[in-house]
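# Descriptive structure summary
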Amino acid sequence: MPSVPGSARARRRSTQTGEHVKHRRTRSGCYTCRNRRVKCDEMHPICERCRKGNRDCVYPEPSTSSKSSRSGTKSKSSPEENGSSGEEYDHDPKELLPPIPDDDEDGEGRLPDMYPLSRRSTTQSLREPSDTPSLTHDRSPSPSTEGSTTITVPTSRPSLSRSASMQAAKQAASNRPWPELPQDVKFYLNFHRTKMSHHHYCFKRDHEAFLKTTFLEIAVKNEPLLYAVVGFAAYYHTLTKPDGKLDNFLKYYNKSVSLLRQSILKNRKHGLATLLTILQLASIEELLGDWINLMGHQKAAFQILTKLYSPQTIMQSETLRKTLLWYIRFDLFVGFQSNHETVLGRDWFDACHDYYVQRLRDTPNDLTMKYEERFSYSRLLATDTAILFAKKGKGVVGDEDFAAQFAEITSRYENYEKDIDPALLDPNAFITDFSGAPPRNPEDPVDPYAPNNIRGGELWTTNYLLLDFWAIDLMFKLQTSMALRLPFSEETVARAYKTCQIFEAIELYPHSPPGALIEAQASFGIATLFLPKDNRHITWLRHKLAKIEASGYIYPATYRTRMTDDWGIDVTRWWFPNDEGCPPIVRSIKEFSHDRTTEPKDQISEDLRDMKGLFSSLSLGDSPDKPPSVSGLEAGSEISPTSMAGPMNLDEALIYTGGSPDFGWDIEAEGFEGGYGVQ
């Protein structure tokens with residue numbers, strides 16, 4: 001494309017011989033401006049160009065190394081000290097493309113050869129098509145894993161011109177080879193991109209394909225994050241191999257922790273890549289069943305998150321919004337399981353919901369915004385519930401005020417499903433064809449193939465919208481029963497059965513996306529507490545829990561110990577005698593997790609280990625005589641609650657290990673500056 005005459009962008013410095021010379025480039029500008037070959041004003045957290053263009057704005061990690069002098073002398077710092085994996089931006093000028101003008105700038109420009117693929121303007125598949133270029137551009141076959149289906153999700157278009165340019169940028173980026181990386185790293189990045197989905201991360205929806213595009217682009221520029229992502233992908237890949245070994249993924253996890261520790265010791269300031277690294281490591285800890293270590297990562301992420309952003313600035317780009325939602329999930333997870341409120345203040349949850357409410361007003365037909373508004377509201381509702389019961393447990397709210405606030409929250413629960421947009425509940429989306437699925441076992445307490453059970457196509461996310469809310473609602477009913485000393489209603493038990501029914505349908509549906517079972521297991525785990533203890537139900541539950549663990553989600557020892565006590569059957573080692581049905585790699589993972597599980601260091605971590613949010617003096621009673629009238633479901637049991645939520649204690653910072661005895665660090669209560677000391 002010809003350059004614009006007289007344009008400053010078209011001019012290049014040259015020597016008298018006509019040879020091109022390199023421009024001096026700052027390394028502190030955001031990656032988006034670098035890739036677009038435009039000057040970044042380096043405003044934080046979002047530069048002016050990215051703000052005006054509604055682009056993701058991601059900065060390199062801060063560095064303590066000296067900057068280049070005004071005379072143009074290069075810094076002597078290493079790529080690691082600059083917070084990157086070594087990718088440089090001082091390319092030969094002949095390889096550079098002209099900068100891309102903003103919409104309000106004059107001049108012409110050509111799309112860069114790489115651009116963050118954070119926006120999907122048409123449709124996005126939960127699994128990349130078979131002709132999608134791999135990260136490595138090699139022809140080696142990817143390992144097979146569970147089946148997937150294509151689920152299209154329409155998204156709104158900011159404007160025709162913007163959408164067209166973004167679509168062209170996406171195409172250009174998909175054809176760009178990734179930086180030079182070791183072959184094994186490229187293999188697992190390719191596996192992450194082509195064989196995994198947002199369900200593996202328990203992201204309810206990823207309409208802009210953040211995990212397959214922008215997230216990986218950030219990762220290849222930051223080694224600690226890169227090896228955390230590779231370790232996560234290697235974990236799931238190892239599960240598909242009959243001869244899989246622990247070291248196949250642990251070596252990457254350990255390298256990530258080691259690099260993260262080095263980075264934190266070198267630099268007093270930490271950016272988005274560090275935050276994402278910690279969240280990725282937390283995801284691995286959850287899979288391993290080490291919830292104490294998970295809580296340590298969550299605390300570390302909280303400190304960085306609240307130092308870098310405010311409730312308002314975190315909502316200014318899709319990358320930051322996804323980061324916040326990732327953190328929030330762990331915050332709510334720890335709170336639910338330990339019977340404490342969230343660490344993050346309510347204003348963050350409120351700002352998140354307000355953002356999606358406004359976006360939905362601006363684009364009322366946007367299916368994704370309809371989902372995001374409901375998901376954000378359910379998180380806000382869960383937070384308000386936790387806050388109210390925590391206040392009651394601490395004795396800081398009187399009975400009259402508690403009753404008033406309780407009535408208001410109860411009303412919000414009752415109205416939640418009524419306020420779901422009818423477009424998300426379209427009965428035409430119910431899946432009726434289960435061809436290829438195994439026949440139903442007549443002994444199963446639920447019928448996964450019953451009509452009007454799970455939805456497919458564009459409304460696949462509705463299954464998780466309902467599961468997510470029902471789990472929160474069941475936890476609320478649990479807390480309510482604890483407070484009022486009342487048994488559960490028949491309606492509540494029926495809801496638990498419906499949760500189990502959807503879970504089994506997702507498990508058995510031949511076209512469920514990869515990782516679908518992993519994301520559904522949390523709601524299922526809560527619902528199982530409401531089922532009877534007869535042999536029929538216990539046998540069914542053992543099969544389901546074995547399937548979940550064989551899929552890679554290892555339950556902590558506390559859970560299996562509690563099930564042993566409730567069922568009167570020893571399942572502390574595995575769900576069936578003599579490790580029946582337990583893959584060898586899963587047995588190795590369980591033994592490793594047991595050996596490295598961290599002891600609690602404070603009251604919250606102790607409550608988390610004991611799962612007090614679920615098992616606080618919980619007892620299962622006999623099944624009611626009359627079953628609920630719900631298609632495909634059977635009667636459950638009553639629960640006799642006996643306790644209230646306890647107070648929250650955040651006095652002491654947690655010391656936690658990162659995957660081997662050699663990798664440990666401290667989190668100072670006052671924050672990260674000077675934190676993370678090597679033990």
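Computed from a predicted structure; not experimentally measured.

## Re the overall build of the protein
- When you go through the protein residue by residue, the secondary structure sums to 21 helices and two strands.
- Taken over 679 residues, the protein has a buried fraction of 58%.
- When contacts within the protein are restricted to residue pairs at least 6 apart in sequence, those whose partners lie at least 24 apart make up 75%.
- By element, 50% of the accessible surface of the protein is carried by carbon and sulfur atoms, the whole surface being about 28,200 Å².

## Section: the state of the cysteines
- A full pass over the atoms with the stated rule returns zero disulfides.
- Here Cys 40 stays unpaired: no disulfide links it, and the sulfur of Cys 47, its closest cysteine neighbor, is 3.9 Å away.
- A relative accessible area of 9% places Cys 40 in the buried class.

## What about the UniProt feature "domain: Zn(2)-C6 fungal-type" (unreviewed entry) in the protein?
- Per the UniProt record, "domain: Zn(2)-C6 fungal-type" (unreviewed entry) is annotated on residues 29-59.
- The span residues 29-59 is 39% helix and 0% strand, and its two end C-alpha atoms sit 6 Å from each other.

## Some thoughts on the environment of Ala 300
- Here Ala 300 lies in helix 9 (residues 291-308).
- Residue Ala 300 is classed as buried on the basis of its relative accessible area of 0%.
- Here the alpha-carbon distance between Ala 300 and Leu 275, two residues 25 residues apart in the chain, equals 8.3 Å.

## Some words on the packing of aromatic side chains
- By the definition in use, this model includes 37 aromatic pairs.
- Between Tyr 555 and Tyr 559, the ring centres sit 4.8 Å apart and the planes meet at 25°, which makes this aromatic pair stacked.
- Classification of Tyr 559 by relative accessible area gives buried; the value is 2%.
- Here the aromatic residues Tyr 201, Phe 203, Phe 210, Phe 215, Phe 232, Tyr 235, Tyr 236, Phe 249 and Trp 326 are joined through ring pairs into a cluster of three or more.
- Lying over the aromatic face of Tyr 416, Arg 374 brings its terminal NZ or CZ to 4.7 Å of the ring centre.
- When the ring centre of Phe 402 is taken as origin, the NZ or CZ atom of Lys 392, which lies over that ring, is 5.3 Å away.

## Structural notes on unusual backbone geometry
- A positive phi angle, close to 60°, is found at Cys 202, a residue other than glycine.
- Inspection of the secondary structure assignment puts Cys 202 in the loop between helix 4 (183-195) and helix 5 (214-219).

## Observations regarding the environment of Asn 452
- Mapping Asn 452 onto the fold places it in the loop between helix 13 (399-416) and helix 14 (460-484).
- What Asn 452 contacts, discounting residues up to four positions off in sequence, is Phe 430 and Lys 498.

## Thoughts on the confidence of the model for the protein
- Predicted confidence across the protein gives a mean pLDDT of 73, with 66% of residues reaching 70 or more.
- Low pLDDT (under 50) marks residues 1-23, which in the prediction has 29 contacts with non-local residues, meaning those over four places away or in another chain.
- Across residues 170-175, confidence stays below pLDDT 50; counting only partners more than four residues off in sequence or on other chains, it has 16 contacts.

## Quick word on the packing of helix 12 (residues 367-394) against helix 13
- Relative to each other, helix 12 and helix 13 sit at 160°, their axes nearing to 11 Å. Classified by the angle between their axes, helix 12 and helix 13 sit roughly antiparallel to one another. Remark: the crossing between helix 12 and helix 13 carries left-handed chirality. On the side of helix 12, the interface is formed by Arg 374, Phe 375, Tyr 377, Ser 378, Leu 380, Leu 381, Ala 382, Asp 384, Thr 385, Leu 388, Phe 389 and Lys 392, while helix 13 contributes Asp 399, Phe 402, Gln 405, Phe 406, Ile 409, Arg 412, Tyr 413 and Tyr 416.

## Quick notes on the side chain of Thr 194
- Residue placement: Thr 194 occurs in helix 4.
- A distance of 2.7 Å separates the side chain of Thr 194 from the backbone oxygen of Asn 190, its partner in a polar contact.

## As for the pattern of salt bridges
- Evaluated as defined, the whole model comprises 24 salt bridges.
- The salt bridge involving Arg 495 is made with Glu 417; its shortest N-O contact spans 2.4 Å. With a gap of 78 residues between them, Arg 495 in helix 15 (residues 490-508) and Glu 417 in the loop between helix 13 and helix 14 connect regions that are remote in the sequence.
- Glu 507 is the salt-bridge partner of Lys 547, the closest N and O atoms lying 3.5 Å from each other.

## Topic: the nonpolar core
- Within the largest apolar cluster, 154 residues are counted, with the highest numbers of intra-cluster contacts made by Phe 215 and Trp 575.
- Per-element tally for this core: the top contributor is helix 14, with 14 residues.
- When sequence neighbours within four positions are dropped, the list of residues in contact with Trp 575 reads Arg 542, Leu 545, Ala 546, Glu 549, Tyr 555, Tyr 559, Arg 560, Met 563 and Trp 567.
- Formed by nine residues, the second largest nonpolar core is a distinct cluster that contains Cys 33, Val 38, Cys 47 and Cys 50.

## Side note on the environment of Glu 504
- Along the chain, Glu 504 falls in helix 15.
- By relative accessible area, Glu 504 is classed as buried at 1%.
- Sequence-wise, Glu 504 and Gln 521 are 17 residues apart; in three dimensions their C-alpha atoms are separated by 9.9 Å.
- When near neighbours in sequence (up to four residues on either side) are disregarded, Glu 504 contacts Asp 444, Val 446, Pro 448, Trp 540 and Lys 544.

## Remarks on helix 16 (residues 516-527)
- Taking 1.5 Å per residue as the helical rise, helix 16 with its twelve residues ought to reach 16 Å, and the 17 Å between its terminal C-alpha atoms agrees with that figure.
- Counting buried residues along helix 16, eleven of its twelve residues qualify, which places the element largely inside the surrounding structure.
- Listed as buried for helix 16 are Ala 516, Leu 517, Ile 518, Glu 519, Ala 520, Gln 521, Ser 523, Phe 524, Gly 525, Ile 526 and Ala 527.

## As for the packing of helix 13 against helix 14
- Two numbers describe how helix 13 lies on helix 14: the axes approach to 11 Å, and their chain directions differ by 150°. Between helix 13 and helix 14, the crossing angle belongs to the class labelled roughly antiparallel. Every pair of crossing elements has a handedness; the one defined by helix 13 and helix 14 is left-handed. The segment helix 13 lies against helix 14, with Phe 406, Ile 409, Thr 410, Tyr 413 and Tyr 416 engaging Leu 465, Phe 469, Ile 472, Asp 473, Phe 476, Thr 480 and Leu 484.

Thresholds, definitions, all that
Residues numbered from 1 in each chain as written. Predicted model: local features only at pLDDT ≥ 70, side-chain atom pairs only at ≥ 80, totals over all residues. Heavy atoms only, no water. Helix = DSSP H or I, 4+ residues; strand = E, 2+ residues; numbered from the N terminus. Buried < 20%, exposed > 50% of the residue type's maximum accessible area, 1.4 Å probe, protein only. Contact = heavy atoms within 4.5 Å. Areas by Shrake-Rupley, 256 points an atom, 1.4 Å probe, with all protein chains shown as cover. Disulfide = S-S within 2.5 Å. UniProt positions renumbered as here; feature names shortened; annotations may be inferred. Phe/Tyr/Trp six-rings, centres within 6.5 Å; stacked < 30°, edge-to-face > 60°. Lys NZ or Arg CZ within 6 Å of the ring centre and 35° of its normal. pLDDT = per-residue confidence, 0-100. Axes fitted to C-alpha atoms, helices over the stretch in contact; angles between N-to-C directions. Parallel < 35°, antiparallel > 145°, perpendicular 65-115°, else oblique. Left-handed = near helix turned anticlockwise from the far one by under 90°. Polar contact = N/O pair within 3.5 Å; in protein donor to acceptor, adjacent residues only side chain to side chain. Salt bridge = Lys/Arg side-chain N within 4 Å of Asp/Glu carboxyl O. Core = buried A, V, L, I, M, F, W, Y, C linked by side-chain atoms within 4.5 Å. Expected span 1.5 Å × (residues − 1).

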